[in-house]
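# Structure assessment
Here is how the chains run, residue by residue.
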Amino acid sequence: MRIEMDAERCQGHTLCAMIAPEVFELREIDGHATVPADDIAPGQQDDVREAVRSCPERALRLTD
């Protein structure tokens, strides 16, 4: 599983980082999230799915 982020849509709500802090990092400049890992580990996938569902801007997308 991989995650794609649309940086143009992200508004810095930080919900993704609150739900899956081991996957998402927040930029200090603007609070927008980044996804530093290429692949999501199996033990993190449920949290990542919840983070994608919780994004109010729909800036996150899962791919296989």
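None of the values given here were measured: they were computed from a predicted structure. (Residues numbered from 1 in each chain as written. Predicted model: local features only at pLDDT ≥ 70, side-chain atom pairs only at ≥ 80, totals over all residues. Heavy atoms only, no water.)

### Quick word on the nonpolar core
- In this structure, Ile3, Cys16, Val23, Phe24, Ile40, Val48 and Leu60 are the most contacted members of the largest nonpolar core, which totals 16 residues.
- Top contributing element to this core by residue count: helix H2 (residues 45-54), with three residues. (Core = buried A, V, L, I, M, F, W, Y, C linked by side-chain atoms within 4.5 Å. Buried < 20%, exposed > 50% of the residue type's maximum accessible area, 1.4 Å probe, protein only. Helix = DSSP H or I, 4+ residues; strand = E, 2+ residues; numbered from the N terminus.)

### Thoughts on empty space enclosed by the protein
- Scanning the entire structure with this criterion turns up one cavity of 30 Å³ or more.
- A per-class count over the lining of the largest cavity returns ten nonpolar, four polar and one charged. (1 Å grid on protein atoms, 1.4 Å probe; cavity = no way out; pocket = protein on both sides within 12 Å on 5 of 7 lines; lining within 4 Å. Points joined across faces, edges and corners; volume = space filled by probe spheres on them. Nonpolar A, V, L, I, M, F, W, Y, C, P; charged D, E, K, R; others polar.)

### Observations concerning the environment of Leu60
- Along the chain, Leu60 turns up in strand S4 (residues 60-63).
- When the C-alpha atoms of Leu60 and Ala41 are compared, they prove to be 17 Å apart, with 19 residues separating the residues in sequence.

### What to know about H2
- Restricting attention to buried positions, one finds in H2 the residues Gln45, Val48, Ala51 and Val52. Around the axis of H2, the buried residues are gathered within 115° of arc, so they sit on the same side. In this structure, H2 carries Asp46 and Arg53 as exposed residues pointing more than 90 degrees from its buried face.
- Those residues of H2 that are buried lie in contact with strand S1 (2-5), helix H1 (15-19) and S4. (Arc of directions from axis to C-beta. Contact = heavy atoms within 4.5 Å.)

### With respect to the pattern of salt bridges
- Tallying each qualifying case throughout the model produces four salt bridges.
- Put simply, Glu4 and Arg61 hold a salt bridge, and the shortest N to O gap is 3.0 Å. Within this pair, whereas Glu4 is found in strand S1, its partner Arg61 is found in strand S4, the two being separated by 57 residues in sequence.
- Note that Asp46 is salt-bridged to Arg49, the shortest N-O span being 3.4 Å. Of this pair, Asp46 and Arg49 both sit in helix H2, three residues apart, roughly one helical turn.
- Accessibility expressed as a relative area gives 31% for Arg49, which makes it partly exposed. (Salt bridge = Lys/Arg side-chain N within 4 Å of Asp/Glu carboxyl O.)

### A short note on the environment of Gly31
- With respect to the helices and strands, the residue Gly31 is situated in the loop between strand S2 (25-26) and strand S3 (33-34).
- In this structure the C-alpha to C-alpha distance between Gly31 and Thr14, which are 17 residues apart in sequence, comes to 7.2 Å.
- Beyond its immediate chain neighbours, meaning those up to four positions away, Gly31 contacts Gly12, Thr14 and Leu26.

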